[in-house]
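The residues making up each chain are set out below.
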Amino acid sequence: FRRVLFRSDIQHICEEASKKIEKGAIIVMEPSTGRIKAVVSAPTFTPLNVAESLNDKNSPLINRAFSAYNVGSIFKLVTAATALEQGISPDLKYECNGKIDVDGQIFKCHKLSGHGVLDMQGAMVNSCNTYFINLSEQISSENFISKASILGFGRSTVLAPDIISAKGKLQTVSDLYNPAEKANLAFGQGMLMATPLQIATMTSAIVNGGKMPKPQLVIGTTKDCVSVDTLGFENLFTDAIDPSVAHTLRKFMVETVNNNVTSDARPYNTTAGGKTSTAQTGQYNMDGSEILQAWFTGYFPTDKPKYVVTVLAENGKSGNTAAGPIFKEIAEEITKMETK
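All of these numbers come straight from a predicted model, not from anything done at the bench.

### Let's talk about the nonpolar core
Among the nonpolar cores identified, the biggest contains 67 residues, and Phe 75, Met 120, Tyr 131, Leu 151, Phe 153, Ile 241 and Leu 249 are the most heavily contacted of them. Element by element, the count of residues in this core is highest for helix 8 (residues 196-207), at 7 residues. Excluding residues that lie within four positions of it along the chain, Met 120 makes contacts with Ala 80, Ala 83, Leu 84, Ile 88, Ser 89, Pro 90, Leu 92, Tyr 131, Phe 132, Leu 135 and Phe 252.

Below you can see the structure in the form of structure tokens.
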């Protein structure tokens, strides 16, 4: 027996989990419909004292779930999708020695000593930058930008009247004529920016067999508070990824959570797949350390996915340590509540 949860139940779980984030956002989406089950933006504010919130340096009035941020390694899923649809085998091997030369510019992997020889799955699990830079050199720039655009990058989403998410920033094909910019895009850096909503929607496309749902914040309207008119709020889908490629990407995400001994996102009472990001911003704290955007996007359970959860922790140390445990807590709490 599984209890059916209300949106308020999931919202409460996410609000409790968000207390571990000083600044950031959480989105829970139902991938089979695109319905948004919870949205949290931290820090929160009280409408009883708007003046205080306006003067708060942490800007609590900004809805971070619909605002754009540097993306990082989550975008490797798009790079992999483009390559796989272009016919490149997931068995493609590349030896990471910690750096790669792109037209005279050196790009370093986060593991400076190198990961050694990896295939595409191993590169996703280890989040190897140089593998994906090398992979991007073998894919068409037109296909690359087209795939990212189809998956929602660079496009705003109208959720309801006067509720519109930021469109973020996606490089153009001409931008990728610069080999360094294409290398940056391969692992989600450079000019690329996206919202937590866009990341959750992309993840839902992967989970949903390649069919990307239109995000649904509103189910319908009512005049009598009893019956609901859903006209104009129907579930809509885009064929965004080849189904076999989506299946492979899901496998990569499951391996990333379950066969990575350092993963802090693995829930104890359900199965999950996901991907981390630790995105560089080029901005620095007062102590000289770089501001990083820490992400985790994932889904659970793996056999019949019901939920996609995307977590952003602003200025986090890493996606694994700052955002992964938040995903883990939400997955565990939702699973516990459903099985009570």
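### Here's the deal with the state of the cysteines
Using the criterion set out here, one finds 0 disulfides in the structure. Unpaired in terms of disulfides, Cys 128 finds its nearest cysteine sulfur in Cys 96, a separation of 3.6 Å.

### What about the pattern of salt bridges?
One pass over the structure, following the stated rule, counts 9 salt bridges. With a closest N to O distance of 3.9 Å, Glu 30 and Lys 37 form a salt bridge. Pair check on accessibility: Glu 30 and Lys 37 agree, each one buried. A salt bridge links Lys 211 to Asp 239, with the nearest nitrogen and oxygen atoms 2.7 Å apart. Of the two residues, Lys 211 is situated in strand 11 (residues 211-213) and Asp 239 in strand 12 (residues 237-239); the sequence distance between them amounts to 28 residues.

### Some details on the sheet that holds strand 1 (residues 24-30)
Sheet architecture is open: 5 strands sit in the order 2-1-15-14-13, paired in antiparallel fashion. With one partner strand each, in any of the chains shown, strand 2 (35-42) and strand 13 (273-284) form the two edges of the open sheet. Put simply, the sheet's adjacent strands are angled 10° from each other on average, direction ignored. Where strand 1 lies against strand 2, 7 bridges are found, and the strand directions are antiparallel. Residue pairing in the sheet places Ile 26 in a bridge with Val 40 of strand 2. Helix 1 (residues 7-17) contacts strand 1, strand 2 and strand 15 (307-314) of the sheet and is inclined by roughly 30° relative to strand 2. Against the sheet, helix 10 (residues 319-338) contacts strand 1, strand 13, strand 14 (290-300) and strand 15, and its axis sits at roughly 30° relative to strand 14.

### Thoughts on the side chain of Asn 320
Within the element layout of this structure, Asn 320 appears in helix 10. Judged by its relative accessible area of 17%, Asn 320 is buried. Within polar-contact distance, the side chain of Asn 320 engages the backbone nitrogen of Asp 264 at 2.8 Å. If we skip the residues at most four places from it in the chain, Asn 320 touches Thr 262, Ser 263, Asp 264, Ala 265, Thr 276 and Pro 325.

### Some words on the pairing of strand 5 (residues 99-102)
Remark: a regular strand shows side chains that alternate across the two faces of the sheet. Here strand 5 shows a clear split, with Ile 100 and Val 102 buried on one side and none of Lys 99 and Asp 101 buried on the other. Here strand 5 pairs with strand 6 (residues 105-108) via 4 bridges, running antiparallel. Each bridged residue has a counterpart across the sheet, and for Ile 100 the counterpart in strand 6 is Phe 107. Following strand 5, the chain reverses through 2 residues before pairing antiparallel with strand 6; Asp 103 in that reversal takes a positive phi of roughly 50°.

### Some remarks on the packing of helix 6 (residues 141-150) against helix 7 (residues 179-186)
In contact at an axis separation of 12 Å, helix 6 and helix 7 are set at 40° when each is read in the N-to-C sense. It follows from the interaxial angle that helix 6 and helix 7 lie oblique. Here the hand of the crossing between helix 6 and helix 7 comes out left-handed. Side by side, helix 6 and helix 7 meet where Ser 141, Phe 144 and Ile 145 of the first sit next to Lys 182, Leu 185 and Ala 186 of the second.

### Quick notes on unusual backbone geometry
Here the residue pair Ala 42 and Pro 43 is connected by a cis peptide bond, since its omega of 0° sits within 30 degrees of zero. Looking at the secondary structure, you find Pro 43 in the loop between strand 2 and helix 2 (50-54). The step from Phe 300 to Pro 301 runs through a cis peptide bond, and the omega angle for that step is -20°. Structurally, the position occupied by Pro 301 is in the loop between strand 14 and strand 15. In the Ramachandran plot, Ser 127 falls in the positive-phi region, its phi being about 50° despite a non-glycine side chain.

Parameters and conventions
- Residues numbered from 1 in each chain as written.
- Predicted model: local features only at pLDDT ≥ 70, side-chain atom pairs only at ≥ 80, totals over all residues.
- Heavy atoms only, no water.
- Core = buried A, V, L, I, M, F, W, Y, C linked by side-chain atoms within 4.5 Å.
- Buried < 20%, exposed > 50% of the residue type's maximum accessible area, 1.4 Å probe, protein only.
- Helix = DSSP H or I, 4+ residues; strand = E, 2+ residues; numbered from the N terminus.
- Contact = heavy atoms within 4.5 Å.
- Disulfide = S-S within 2.5 Å.
- Salt bridge = Lys/Arg side-chain N within 4 Å of Asp/Glu carboxyl O.
- Pairing = 2+ DSSP bridges.
- Axes fitted to C-alpha atoms, helices over the stretch in contact; angles between N-to-C directions.
- Polar contact = N/O pair within 3.5 Å; in protein donor to acceptor, adjacent residues only side chain to side chain.
- Parallel < 35°, antiparallel > 145°, perpendicular 65-115°, else oblique.
- Left-handed = near helix turned anticlockwise from the far one by under 90°.

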